[in-house]
Amino acid sequence: MSAPLRPRPAAPPGAPDAPLAVPRTLTVGVIGAGRVGAVLGAALAAAGHRVVAATGRSGATQARLALLLPQTPNRSPAAVARAATDLLIVAVPDDALAGVVARLAEAGALRPGQVVAHTSGAHGLAVLAPAAAVGTRPLALHPAMTFTGTPDDLARLPGISYGVTAPAELRPFAARLVADLGGVPEWVAEDDRPLYHAALAHGANHLVTLVNEAADRLREAGVDRPEKVLAPLLRAALENALRLGDDALTGPVSRGDAGTVRRHLVRLAATAPESVPPYLALARRTADRAVAAGRLRPVDAEPLLDVLTGIYGEVAA
């Protein structure tokens, strides 16, 4: 791990902000010791930083703290913020973030020069405006990883990317912090945070839904252990897609097999009608990408697109 850092105090009003680059152990607090916050806190502690306080109200969160940060006292958010003289990590749900930051600022729990970092992928620096207004250094630090909130997550952290949005003077500090976590920074502009997060949610969260939809349909087809059938297929498809892009595409849409797709949709409509709209949406988008990539000739796509357009009327009849 790289040498840890301690932030300098904020520059006086009107003076240019200086980069934060003093090597030293950080005094850290974590507000929201859920799956992400507790794991990042444990990773920072393992890197040599002092995690001096964290919040945990629910029984699950308290158990997570006991498992991952057993020496860290459980305090109120304001107490955590006051104790975290160098770095305060706010790892709360997206919709709660603005309110938590505003209440901390109003309570006088934040201090000039303190780095306040949130872990939301959807938000950038604007949500931290109340904290910045009292002299803190704002940082958006989102780990591009799915978390379980267990020690297993710590083994997954090395090498992952962090979507980072930071003022110019805080970039060296952010880069070193990410390095202490074993990760790689991806610099994301403030205006691009929603697009960045949409891409990750579309790829990861919707993948979980898609896999479970496929497993449900296999069970309905009489397969006792759908996970055994899907595992090698999906792993190969994912690896090929990451390596080859659209050239990894296989299956009836990429071949223009309109009859096969029609049979899929008719049977889905009879067995699991809730699966028809997502199948249609994904098949249409797959066809568009297959044509654009040269995997499917436009002339071969026409019968397929006719099926995808007309299936609702046929199913209704």
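Throughout this description, residue numbers start from 1 for each chain and increase along the sequence as written. Only residues with pLDDT of at least 70 are given local features in this predicted model, and only at 80 or more are side-chain atom pairs given and counted; all residues enter the totals for whole chains, interfaces and linings. Hydrogen atoms and water are omitted, and side-chain values are computed over all heavy atoms in the structure.

### Details of the overall build of the protein chain
Part 1: The numbering of helices and of strands both runs from the N terminus, where a helix is a DSSP run of H or I of at least 4 residues and a strand a run of E of at least 2. If you tally the helices and strands in the protein chain, you get 13 helices and nine strands.
Part 2: Each of the three principal axes of the protein chain carries a C-alpha extent, and together these read 70 × 40 × 35 Å.
Part 3: The proportion of buried residues among the 317 residues of the protein chain is 39%.
Part 4: Contacts between residues were defined by any pair of non-hydrogen atoms, one from each residue, lying within 4.5 Å. Intrachain contacts of the protein chain at a sequence separation of at least 6 include 62% that bridge at least 24 residues.
Part 5: Each accessible area is a Shrake-Rupley result for a 1.4 Å probe, and residues are judged covered by the shown protein chains and nothing else. When the accessible area of the protein chain is evaluated, it comes to approximately 16100 Å², of which 58% is carbon and sulfur surface.
Part 6: Charge-centre separation for the protein chain: the mean point of 31 positive side chains lies 8 Å from the mean point of 28 negative side chains. When accessible area is computed with a 1.4 Å probe and restricted to protein chains, residues below 20% of their type maximum are described as buried, those above 50% as exposed, and intermediate ones as partly exposed. We score Asp and Glu as negative and Lys and Arg as positive, and we do not count His or the chain ends. Here the site of a charge means atom NZ of a Lys, CZ of an Arg, CG of an Asp or CD of a Glu.

### Considerations on the packing of aromatic side chains
Part 1: Whether two aromatic rings pair depends on their centres lying within 6.5 Å, for rings of Phe, Tyr and Trp, where Trp uses its six-membered ring; planes under 30 degrees apart make the pair stacked, over 60 edge-to-face, and the rest tilted. Tallying each qualifying case throughout the model produces zero aromatic pairs.
Part 2: Note on criteria: charge over ring means Lys NZ or Arg CZ within 6 Å of the ring centre, with the direction from the centre no more than 35 degrees off the ring normal. Directly above the aromatic system of Trp-187 lies the positively charged group of Arg-171, at a separation of 4.3 Å from the ring centroid.

### Notes on the sheet that holds strand E5 (residues 87-90)
Part 1: Strand order across the open sheet formed by seven strands is E4-E3-E5-E6-E7-E8-E9, with mixed pairing between neighbours. Two strands close off the open sheet at either side, each with one partner strand: strand E4 (50-54) and strand E9 (184-187). Between one strand axis and the next, the sheet turns by 30° as a mean value, whatever way the strands run.
Part 2: A pair of strands is considered paired only if DSSP assigns at least 2 bridges between the two. Here four bridges tie strand E6 (residues 115-118) to strand E7 (residues 137-143), and the two strands are oriented parallel to one another. Of the residues in E7, the one forming a bridge with Ala-117 is Leu-139. Note on method: axes are straight lines fitted to C-alpha atoms, helices fitted across the in-contact stretch only, with angles between N-to-C directions ranging 0 to 180 degrees.

### Structural notes on the pattern of salt bridges
Part 1: Take a side-chain nitrogen of Lys or Arg and a carboxyl oxygen of Asp or Glu: if they are within 4 Å of each other, that pair is a salt bridge. A full pass over the atoms with the stated rule returns nine salt bridges.
Part 2: Among the salt bridges present, the one from Arg-217 reaches Glu-213, with a minimum N-O distance of 3.6 Å. Linking Arg-217 with Glu-213, this pair stays in helix H8 (residues 193-220), spanning four residues, or about one helical turn.
Part 3: Ionic pairing is found between Arg-219 and Asp-216, a salt bridge with its closest N-O pair at 2.9 Å. With Arg-219 and Asp-216 both in helix H8 and three residues apart, this pair spans about one turn of that helix.
Part 4: The exposure class of Asp-216 is partly exposed, given its relative accessible area of 32%.
Part 5: Through salt bridges with shared partners, one network takes in Glu-213, Arg-217 and Glu-220.

### Details of the environment of Gly-310
Part 1: Inspection of the secondary structure puts Gly-310 in helix H13 (residues 298-316).
Part 2: It is 9.7 Å that separates the C-alpha atoms of Gly-310 and Arg-262, two residues lying 48 residues apart in sequence.

### Quick look at the confidence of the model for the protein chain
Part 1: Taken as a whole, the protein chain shows an average pLDDT of 91; of its residues, 91% reach a score of 70 or greater.
Part 2: A low-confidence stretch, residues 6-16 (pLDDT under 50), is modelled with 28 contacts involving residues beyond four sequence positions or located in other chains. Along the chain, pLDDT gives the predictor's confidence residue by residue, from 0 to 100.

### Topic: the nonpolar core
Part 1: The biggest cluster of nonpolar side chains holds 34 residues, and the ones touching the most others in it are Leu-87, Leu-139, Leu-141, Tyr-162, Val-164 and Leu-177.
Part 2: Beyond its immediate sequence surroundings of up to four residues, Leu-177 is in contact with Leu-26, Leu-44, Leu-87, Leu-139 and Leu-141.
Part 3: In this description, a nonpolar core means a group of buried Ala, Val, Leu, Ile, Met, Phe, Trp, Tyr and Cys residues linked to one another through side-chain atoms lying within 4.5 Å. Among the nonpolar cores identified, the runner-up in size contains 19 residues, and Val-80, Val-101, Leu-104 and Leu-128 belong to it.

### Focus: the pairing of strand E3 (residues 27-31)
Part 1: Counting buried residues in E3 gives five out of five residues, a clear majority hidden from the surface.
Part 2: Residues Thr-27, Gly-29 and Ile-31 of E3 are buried on one face, and the alternating residues Val-28 and Val-30, pointing to the opposite face, are buried as well.
Part 3: As defined by bridge partners, E3 adjoins E4 across four bridges and the pair is classed as parallel. Counted as the bridge partner of Val-30 is Ala-54 from E4.
Part 4: As paired elements, E3 and E5 share four bridges and run parallel to each other. When the sheet's bridge partners are listed, Val-30 is paired in E5 with Ile-89.

### As for the layout of surface pockets
Part 1: Estimated volume of the second largest pocket: approximately 1100 Å³.
Part 2: Within this scheme a cavity is a closed region of a 1 Å grid, computed over the protein atoms alone, that accommodates a 1.4 Å probe without allowing it to escape, whereas a pocket is open but has protein on both sides within 12 Å along at least five of seven lines; lining residues each have an atom within 4 Å of a point. The wall of the second largest pocket is formed by 35 residues, among which Arg-35, Val-36, His-142, Met-145 and Phe-147 lie closest to the centre.
Part 3: Only helix H1 (35-46), helix H4 (94-106), E7 and H8 provide two or more residues apiece to the lining of the second largest pocket.
Part 4: Of the residues forming the lining of the second largest pocket, the biggest block, nine residues, is contributed by H8.
Part 5: Its residues assigned to classes, the lining of the second largest pocket shows 18 nonpolar, 14 polar and three charged. Grid points are joined across faces, edges and corners, and a volume is the space filled by probe spheres set on the points. Charged residues are taken to be Asp, Glu, Lys and Arg, nonpolar residues to be Ala, Val, Leu, Ile, Met, Phe, Trp, Tyr, Cys and Pro, and polar residues to be all remaining types, Gly included.

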